[in-house]
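Residue strings, one per chain:
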Amino acid sequence: MTPPVPAQPSPIARCHCGNLRPYAECCGRFHHGEQPETAQQLMRARYSAYVLMMEDYLLETWHPSTRPPDFCLAETIGTRWLGLDVRSQQQSGEWAKIEFIARFRVGNGPAQQQNEISRFVREDGRWYYLDGEFPPPTPTYVQPRKR
Ligand SMILES: [Zn+2]
């Protein structure tokens, strides 16, 4: 009889989107062709695509009606993505709305955050990003108005 194997503390593998799962089992499988089942999976996969600068994936998952004609991530070079927090989500039928905060840093600048409420729509079983609203930033980030 073999003695029970002591539990090894497994190294924490985090996906780019912040989930406590290795990238390959989280957003990676969507980047390799699997269809997300929920809008939140798509939202996370899109965040990871920003981290990995996968323009094609971002365009592919953008609804054709709102997809920008040209889209280039070159301007995000120098941006370091620090994390993602999902604040709330609502789904009804083929529509979903997810509020999240993405934190990032540009060059050596201070950490910043972007609050977005994204809308997603499902067509033929595929989720697409439709558009986003940007609620006013939290008071600490409000610049005094000059008039
Ligand atoms: Zn992920």
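Details of the structure are given in the entry above.
These numbers come from a predicted model, not from an experiment. (Residues numbered from 1 in each chain as written. Predicted model: local features only at pLDDT ≥ 70, side-chain atom pairs only at ≥ 80, totals over all residues.)

Draft legend 1. The arrangement of the environment of R87 in detail. Topologically, R87 is positioned in strand β1 (residues 79-92). Under the C-beta neighbour-count criterion, R87 is labelled exposed, with 11 such atoms within 10 Å. Separated by 29 residues in sequence, R87 and E116 have C-alpha atoms that sit 9.7 Å apart. In this structure R87 touches E99, F100 and I101, once residues within four positions along its chain are discounted. (Helix = DSSP H or I, 4+ residues; strand = E, 2+ residues; numbered from the N terminus. Buried ≥ 20, exposed ≤ 12 C-beta atoms within 10 Å, placed from the backbone. Contact = placed C-beta atoms within 7 Å.)

Draft legend 2. Focus on the pairing of strand β4 (residues 126-133). Sheet analysis places strand β3 (residues 111-123) next to β4, joined by 7 bridges and oriented antiparallel. In the strand pairing of β4, I117 is matched with E133. The antiparallel pairing of β3 with β4 creates a hairpin that spans 2 residues between the two strands, and D124 there sits at a positive phi of about 50°. (Pairing = 2+ DSSP bridges.)

Draft legend 3. Spotlight on the nonpolar core. Counting 20 residues, the largest nonpolar core has C17, C27, A39, L42, M43, Y47 and F120 as its most contacted members. Listing elements by their share of this core, those giving two or more residues are α1 (27-31), α2 (39-51), β2 (95-106) and β4. Considering every element that reaches this core, the biggest residue donor is α2, with 8 residues. Setting aside anything within four residues of it in sequence, one finds Y47 in contact with C17, L84 and A102. (Core = buried A, V, L, I, M, F, W, Y, C linked by C-beta atoms within 7 Å.)

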